[in-house]
Amino acid sequence: MMGGQNATRRTLLLWVTALALGFSSTGYADDRWTQVGEVLLYALPLTAATATYTLDDPDGRSQLVMAYGVTLSTSYVLKGLVERERPDGTDDLSFPSFSAASAFTSAAFIQRRYGWDAGLPAYLAASYVGWSKVHSDRHHTTDVLAGAALAWGVNQWLVEPGAASQFAVVPTEGGMALAFEVNF
């Protein structure tokens, strides 16, 4: 698997493009903040998939597809079981947030497979998607947190850390701890 600055530059270019499209879009979203969230919602999985091709990572691509399949299927089933009403009252499919599950699946995959240098911007973009869903009254904060937690957990289970990943779940006397390495 090849990494490096070129992949990071390509990832950054995709984020900038997504933001530009979001701010210039006249889509169906109520305001520009929500429009940017909608664009990032689609840019994140495209970025994750593109990374698997750019970095010649067929194993990562398979793991991404599996993580998406399990996360989104589980989210879909939970929506039908929980039947929580959306803040805007349009239906009872609020919990968990499907959009947050999708966005955070991409972010968690990128971070776990390719490290924090690519993962941090992906998590920031996924967080923005979640915020935009709360801002537009499509989801409660707990819906977004549940979608994010589901996505993160599935990625921990199905996605093997790449060489650039510096993140681990480690056992402790009191349970589990999240650890990551930061190099300066």
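Since the model is a prediction, treat every value here as computed from it, not as a measurement.

Peer 1: Looking at this model, I keep getting lost on the overall build of the protein chain. Mind explaining?
Peer 2: When you go through the protein chain residue by residue, the secondary structure sums to six helices and two strands. The order of helices and strands in the protein chain, counted from the N terminus, is α-α-α-α-α-α-β-β. Expressed as a percentage of its 184 residues, the buried residues of the protein chain come to 42%. Sequence separation of 24 or more characterises 64% of the internal contacts of the protein chain that already satisfy a separation of 6 or more. When the accessible surface of the protein chain is totalled, it reaches about 9800 Å², and 64% of it is carbon and sulfur.

Peer 1: So what exactly am I meant to see when it comes to the packing of aromatic side chains here?
Peer 2: Here a ring pair, both rings aromatic, is described through the centre-centre distance and the interplanar angle of the planes. Scanning the model with the defined rule gives five aromatic pairs in all. Taking the centre distance of 6.2 Å and the plane angle of 45° together, the rings of Phe104 and Tyr123 count as tilted. Note that Phe104 is positioned in helix 4 (residues 98-114) and Tyr123 in helix 5 (residues 116-135), a separation of 19 residues in sequence. Look at Phe104 and you get buried, because its relative accessible area is 10%. Residue Tyr123 is classed as buried on the basis of its relative accessible area of 15%. Here Tyr128 and Trp131 contribute two aromatic rings whose centre-to-centre distance is 5.5 Å and whose plane-to-plane angle is 50°, an arrangement assigned as tilted. With Tyr128 and Trp131 both in helix 5 and three residues apart, the pair spans about one turn of that helix. Aromatic rings pair up to connect Trp33, Tyr128 and Trp131 into one cluster.

Peer 1: What is the right way to read the side chain of Ser102 from this model?
Peer 2: As for its placement among the helices and strands, Ser102 is situated in helix 4. Classification of Ser102 by relative accessible area gives buried; the value is 11%. Aside from chain neighbours lying at most four places away, what touches Ser102 is Leu41, Pro45, Tyr68 and Leu72.

Calculation notes
Residues numbered from 1 in each chain as written. Predicted model: local features only at pLDDT ≥ 70, side-chain atom pairs only at ≥ 80, totals over all residues. Heavy atoms only, no water. Helix = DSSP H or I, 4+ residues; strand = E, 2+ residues; numbered from the N terminus. Buried < 20%, exposed > 50% of the residue type's maximum accessible area, 1.4 Å probe, protein only. Contact = heavy atoms within 4.5 Å. Areas by Shrake-Rupley, 256 points an atom, 1.4 Å probe, with all protein chains shown as cover. Phe/Tyr/Trp six-rings, centres within 6.5 Å; stacked < 30°, edge-to-face > 60°.

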